[in-house]
Amino acid sequence: MVRQEFRIEGIPAILWGDQSDKLFVAIHGNMSNKADDAIVIFAGEAVRRGYQVISFDLPEHGDRKEEAYSCKVQNCVHDLDVIMRYAQRLSDDISIFACSMGAYFSLLAYRDLPLKQCLFLSPVLDMKKIIENMMAWFGISEDRLMAEQEVATPVGQTLYWDYYCYVNSHPVDAWYKPTSILYGSDDNLCEFDVVAAFASRFHCGLKVMEQGEHYFHTKEQLQFFRHWLKEHIW
């Protein structure tokens, strides 16, 4: 498979496959990168179906770990906009594949775009709930977060007041695009009722892998993921 590494306005990216009039933009999740296992598997299946694929590193991930540019929602939405503008120069037939928090950023950045299809793996669909869950787990009040602006947690994640405010002021209230979701029954980050409610509200396909985790990484999980892609990439 042809693989070209380059930068889009300074953002490290990979263009997978030969030139095509059909294009997928792939957005990875937390603690991942533009060439992790799920992205490689996805790119391979999409290229076999005649697509090109663009993947890229989110802030503080992959080749951007040393940048002084944090992985906050507002920065990620900006970067997704940059990538999409580049993609629109290559194709008028654009779809997206997104994992975990990459799906959430896509819901904000691409809500008004006419995407052909959207494939989500273990999507984060309610970031407000996840932030508030973390605040509750570690006894961090809203007043403390507002006063300190950022608070490090024992699990290595930092909570930011401006991030929390952005999430509150940008609710996910529209996503009327052809969308299919793959979710693991043992996902310990995203609650099933949130995923099921989103799928019902926006008429998305929803497939649940029994004993699947939030991070699809075992041989069995990745095989299940590959089979799901074969069924869902048009």
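Residue positions are given per chain, counting from 1 as you read along its sequence in written order. Totals for whole chains, interfaces and linings use every residue, but because this is a predicted model, local features are given only for residues with pLDDT of at least 70 and side-chain atom pairs only at 80 or more, for both listing and counting. Side-chain measures here rest on the full set of heavy atoms in the structure, leaving out hydrogens and waters.

For the protein chain, the name recorded in an unreviewed UniProt entry is Alpha/beta hydrolase, with Paenibacillus sonchi as its organism.

> So what's going on with the overall build of the protein chain? Which residues, and what values?
Elements are defined by DSSP. Helices are runs of H or I of four residues or more, strands are runs of E of two residues or more, and each kind is numbered from the N terminus. Secondary structure assignment for the protein chain yields eight helices and ten strands. Computation of the radius of gyration draws on C-alpha atoms alone. For the globule rule, the value is 2.2 Å times the number of residues to the power 0.38. Against the compact-globule benchmark of 17 Å for 234 residues, the protein chain has a radius of gyration of 17 Å, which places it among compact chains. Principal-axis analysis of the C-alpha atoms gives the protein chain an extent of 50 × 40 × 35 Å. Across the 234 residues of the protein chain, 53% fall into the buried class. Exposed residues in this analysis have more than 50% of their type's maximum accessible area, buried residues have under 20%, and partly exposed residues fall in between, with area computed by a 1.4 Å probe over protein chains only.

> If you had to explain the sheet that holds strand 10 (residues 205–209) to someone new, which residues and values would you point to?
Pairing within the open sheet is mixed, and its eight strands lie in the order 1-2-4-3-5-6-9-10. Whereas interior strands pair on both sides, the edge strands pair on one side only; in this sheet they are strand 1 (3–8) and strand 10. With direction set aside, neighbouring strand axes in the sheet form an average angle of 20°. By this definition, two strands are paired if DSSP reports at least two bridges between them. Inspection of the sheet shows strand 9 (residues 179–184) paired to strand 10 by five bridges, in the parallel sense. Residue tyrosine 183 lies in a different strand from strand 10, and its bridge partner there is valine 208. Each of strand 3 (22–27), strand 5 (93–99) and strand 6 (118–121) touches helix 3 (residues 100–109); the most contacted strand, strand 5, lies at about 135° to it. The convention used is that axes are lines fitted to C-alpha atoms, helices contributing only their stretch in contact, and that angles between N-to-C directions extend from 0 to 180 degrees. Any two residues whose heavy atoms approach within 4.5 Å are treated as being in contact.

> Please set out the packing of helix 2 (residues 73–90) against helix 3 residue by residue, giving values where relevant.
Relative orientation of the contacting elements helix 2 and helix 3 amounts to 70°, with a least axis distance of 9 Å. Classified by the angle their axes make, helix 2 and helix 3 are roughly perpendicular. The two elements helix 2 and helix 3 cross, and the hand of that crossing is right-handed. Facing Val73, Cys76, Val77, Leu80 and Asp81 of helix 2, the residues of helix 3 in contact are Tyr104, Phe105, Ser106, Leu108 and Ala109. By the convention adopted, Pro, Cys, Tyr, Trp, Phe, Met, Ile, Leu, Val and Ala count as nonpolar, Lys, Arg, Asp and Glu as charged, and the other residues, Gly among them, as polar. Split by residue class, the contact of helix 2 with helix 3 holds eight nonpolar, one polar and one charged. We call two directions roughly parallel when the angle between them is under 35 degrees, roughly antiparallel when it is over 145, roughly perpendicular when it lies between 65 and 115, and oblique otherwise. Take the far helix as your reference; a near helix turned counterclockwise from it by less than a right angle gives a left-handed crossing, and one turned clockwise gives a right-handed crossing.

> Break down helix 1 (residues 37–48) for me, with residues and values.
Expected span of a helix, by definition, is 1.5 Å for each gap between consecutive residues, and there is one gap fewer than residues. End to end, helix 1 covers 17 Å across twelve residues, agreeing with the expected 16 Å (1.5 Å per residue, within 8%). Looking only at helix 1, the buried set comprises Ala38, Ile39, Ile41, Phe42, Ala43, Gly44, Glu45 and Ala46. Of the surrounding elements, those touching the buried residues of helix 1 are strand 2 (11–16), strand 3, strand 4 (52–56), strand 5, strand 6 and helix 8 (219–232).

> Explain the pairing of strand 4 to me, and be specific about the residues and the numbers.
Most of strand 4 sits inside the fold, with five of its five residues counted as buried. A two-sided burial pattern is seen for strand 4, the buried positions comprising Gln52, Ile54 and Phe56 on one face and Val53 and Ser55 on the other. Sheet topology places strand 2 next to strand 4; four bridges connect them, and they run antiparallel. Pairing of alanine 13 across the sheet is with phenylalanine 56, part of strand 4. As defined by bridge partners, strand 3 adjoins strand 4 across five bridges and the pair is classed as parallel. By the bridge assignment for strand 4, valine 25 is matched with isoleucine 54.

> Provide a residue-level description of unusual backbone geometry, including the pertinent values.
Positive phi values are uncommon outside glycine, yet glutamate 9 reaches one of about 50°. Among the secondary structure elements, glutamate 9 is positioned in the loop between strand 1 and strand 2. Of note, the phi angle at serine 100 is positive, near 50°, even though the residue is not glycine. Relative to the helices and strands, serine 100 is located in helix 3. Residue class for serine 100 comes out buried when judged on its relative accessible area of 10%.

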